[in-house]
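Examination of the molecular architecture
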Protein chains: 2
Amino acid sequence: MMKNLLSNIKISVPEKIFLKDPESSDLGKRIIEHSILLIDEIGFDNFTFKKLGAKIGSNESSIYRYFESKHKLLLYLTSWYWAWIEYQLVFSTSNIPNPEKRLLKAIEVVTQTIKEDFDFSHVNEVKLNQIIINEYSKSYLTKEVDSENKEGYFVVYKRLIARLRDMILNVNSEYKYASSISSTIVEGALHQHFLKDHFKSITDCNETVTPTQFFQELTINAIKS
Amino acid sequence: MMKNLLSNIKISVPEKIFLKDPESSDLGKRIIEHSILLIDEIGFDNFTFKKLGAKIGSNESSIYRYFESKHKLLLYLTSWYWAWIEYQLVFSTSNIPNPEKRLLKAIEVVTQTIKEDFDFSHVNEVKLNQIIINEYSKSYLTKEVDSENKEGYFVVYKRLIARLRDMILNVNSEYKYASSISSTIVEGALHQHFLKDHFKSITDCNETVTPTQFFQELTINAIKS
DNA sequence: CAAATATGATAGTAATACTATTAAATTAGC
DNA sequence: GCTAATTTAATAGTATTACTATCATATTTG
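It should be emphasised that the depicted structure is a prediction, and the values quoted were computed from it without experimental measurement. (Residues numbered from 1 in each chain as written. Chains lettered and ligands numbered in written order. Predicted model: local features only at pLDDT ≥ 70, side-chain atom pairs only at ≥ 80, totals over all residues. Heavy atoms only, no water.)

**Notes on the relation of the copies chain A and chain B**
Rotating chain A by 180° and translating it 0.0 Å along the rotation axis places it on chain B, where the RMSD comes to 0.0 Å. Here the two chains are linked by the operation of a two-fold rotation axis. Closest approach to the rotation axis among the C-alpha atoms of chain A is made by N221 of chain A, whose C-alpha sits 2.8 Å away. (Least-squares fit on C-alpha atoms with pLDDT ≥ 70 in both.)

Shown next as structure tokens:
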């Protein structure tokens, strides 16, 4: 099943994001593992390498050998997450020949909450998903977006949106807003998840109604009209 | 016209956000005016009260008498912005009897870029709109959201979303996701504006295609199916 | 004109986000 | 198994941030 299969592939993150590949050492893996736990616990704004060092019984300066800043670490975690989602997207849609069913499956993959810890080595996917919901915007809402974008720090995310767009165009190649609806689905789903946890009055999503249902219906109605 | 009319009303912001009403003094107005210019220029992350003090020839400690933190100042600016948009929403839709036309107008108001400086006293609306696009998420993506929400710091935004939702229900009272689509339109429009400026490849919006068109079509198709 | 209030100037604090240096531990090649 | 290379740890230091506190000086108000 998925769980075992995923344990054997390596998620790849743009190399420029890190100084030294955290997958290449024990300390690196502990940095990833515990940064996810700590950011989820105290939030990215309150997160520091010093606190992380204390948690893993290591030194602040050692962490700086892997990532030049906490911002770069966030870029690493988010790239990892989107690459993981991309893998699931490709894998779970590859055997669906019907374009519309494939698209619905794709929307499900990009909009669902992660409830099960896939136990993908040292990464807690449930908590990483929470981090994406709460912190992802902060990775690109900076004055440095354009230069970082040129460096390729957002390729994984953009590639995921492009894959979803292509599946939309496969259902209706005439639809004029395939890119916009694709980016709206991915970003919008994160937002709806946030709203159901903090601003319940402005969302219809709750324990029974999911962002997946909302975006599936929305997309089908949009592209089939 | 709008420009003159707006100059005579006062936009009201939840009182708990500030320590002292910036509208009540000359220094207060200069804080608002120049914080907008400075945040737009260097970004919220690099913005400090010390830098603002230097810009307005005033003292850091004086600014702290108005806002207890730069986060509170951001909450003030965003609440002001949404209250201003809400005013425009109510005003520009009040004389449209047809529910669908009214909704389309409403979507236009909440999704358009502000191109003209309305010269609303000391507030530069064009730059404030850019700040909302680039920084709004940071105002609620914090560990303190729930307590700040209880304090009423986000009422204006939620009220705006609720107004839009009601206009949607007025077109089709059976539509199941009125709140979710309403919040998706407002948040999604900001996101599309951001994408067209920084990640062009994952949006269809550009100089000729607007987020307004995209969301108008999307909404009509969603609720009329 | 006195009292109240607002603003300015200065100083200080704990924390942040790093950099630099040196020492100790670990690993790799032979 | 030893040496060299690499990795990690420890310590110190810097500039900046996000404030608080105090006191002096303007400015406004009754």
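**Regarding the protein's contact with DNA strand C**
Contacts to DNA strand C come from 18 residues, most closely from E60 and Y64 of chain A together with S58, R65 and Y66 of chain B. Within 4 Å of the protein, the contacting atoms of DNA strand C are 57% sugar and phosphate, with bases supplying the remainder. In this structure, Y64 of chain A approaches DNA strand C through a side-chain N or O atom, which is 3.1 Å from a sugar or linking oxygen. Contact distances for DNA strand C include 3.1 Å between a phosphate oxygen and a side-chain N or O atom of S62 of chain B. (Near = heavy atom within 4 Å. Polar contact = N/O pair within 3.5 Å; in protein donor to acceptor, adjacent residues only side chain to side chain.)

**Brief notes about the packing of helix 10 (residues 178-198) of chain A against helix 11 (residues 211-223) of chain A**
Residues and elements named next belong to chain A. At a closest axis distance of 10 Å, the pairing of helix 10 and helix 11 adopts a crossing angle of 155°. Overall, the two elements helix 10 and helix 11 adopt an arrangement that is roughly antiparallel. The crossing of helix 10 and helix 11 is right-handed. Here I181, T184, I185, G188, A189, Q192 and H193 of helix 10 come into contact with helix 11, specifically with P211, F215, T219 and A222. Here the residues of the contact of helix 10 with helix 11 sort into six nonpolar, five polar and no charged. (Axes fitted to C-alpha atoms, helices over the stretch in contact; angles between N-to-C directions. Helix = DSSP H or I, 4+ residues; strand = E, 2+ residues; numbered from the N terminus. Parallel < 35°, antiparallel > 145°, perpendicular 65-115°, else oblique. Left-handed = near helix turned anticlockwise from the far one by under 90°. Contact = heavy atoms within 4.5 Å. Nonpolar A, V, L, I, M, F, W, Y, C, P; charged D, E, K, R; others polar.)

**Observations concerning the UniProt feature "DNA-binding region" (unreviewed entry) in chain A**
Following the UniProt record, the feature "DNA-binding region" (unreviewed entry) maps to residues 48-67 of chain A here. Note that residues 48-67 of chain A is 55% helix and 0% strand, and that its end C-alpha atoms are spaced 12 Å apart. (UniProt positions renumbered as here; feature names shortened; annotations may be inferred.)

**As for the packing of aromatic side chains**
Counted according to the given criterion, the structure contains 40 aromatic pairs over all chains. For the pair W82 of chain B and Y157 of chain B, a centre-to-centre distance of 5.2 Å together with 55° between the ring planes defines the contact as tilted. Here the residue W82 of chain B occupies a position in helix 5 (residues 70-93), and Y157 of chain B occupies one in helix 9 (residues 155-171), the gap between them amounting to 75 residues. Y157 of chain B matches W82 of chain B in its accessibility class, with the two residues each being buried. Aromatic rings pair up to connect W80, Y81, W82, W84, Y136, Y140, F154 and Y157 of chain A together with F194 and F199 of chain B into one cluster. The ring of F44 of chain A carries K70 of chain A above its face, with NZ or CZ at 4.7 Å from the centroid. (Phe/Tyr/Trp six-rings, centres within 6.5 Å; stacked < 30°, edge-to-face > 60°. Buried < 20%, exposed > 50% of the residue type's maximum accessible area, 1.4 Å probe, protein only. Lys NZ or Arg CZ within 6 Å of the ring centre and 35° of its normal.)

**Thoughts on the protein's contact with DNA strand D**
For DNA strand D, the set of nearby residues contains 18 residues, the closest of which are S58, R65 and Y66 of chain A together with E60 and Y64 of chain B. In DNA strand D, the atoms that sit within 4 Å of the protein are 60% sugar and phosphate, with bases accounting for the remainder. Contacts to DNA strand D include R65 of chain A, whose side-chain N or O atom sits 3.3 Å from a base nitrogen. Secondary structure elements with two or more residues in the surface near DNA strand D: helix 4 (60-63) of chain A together with helix 4 (60-63) of chain B. Looking at side-chain class alone, the surface near DNA strand D contains four nonpolar, eight polar and six charged residues.

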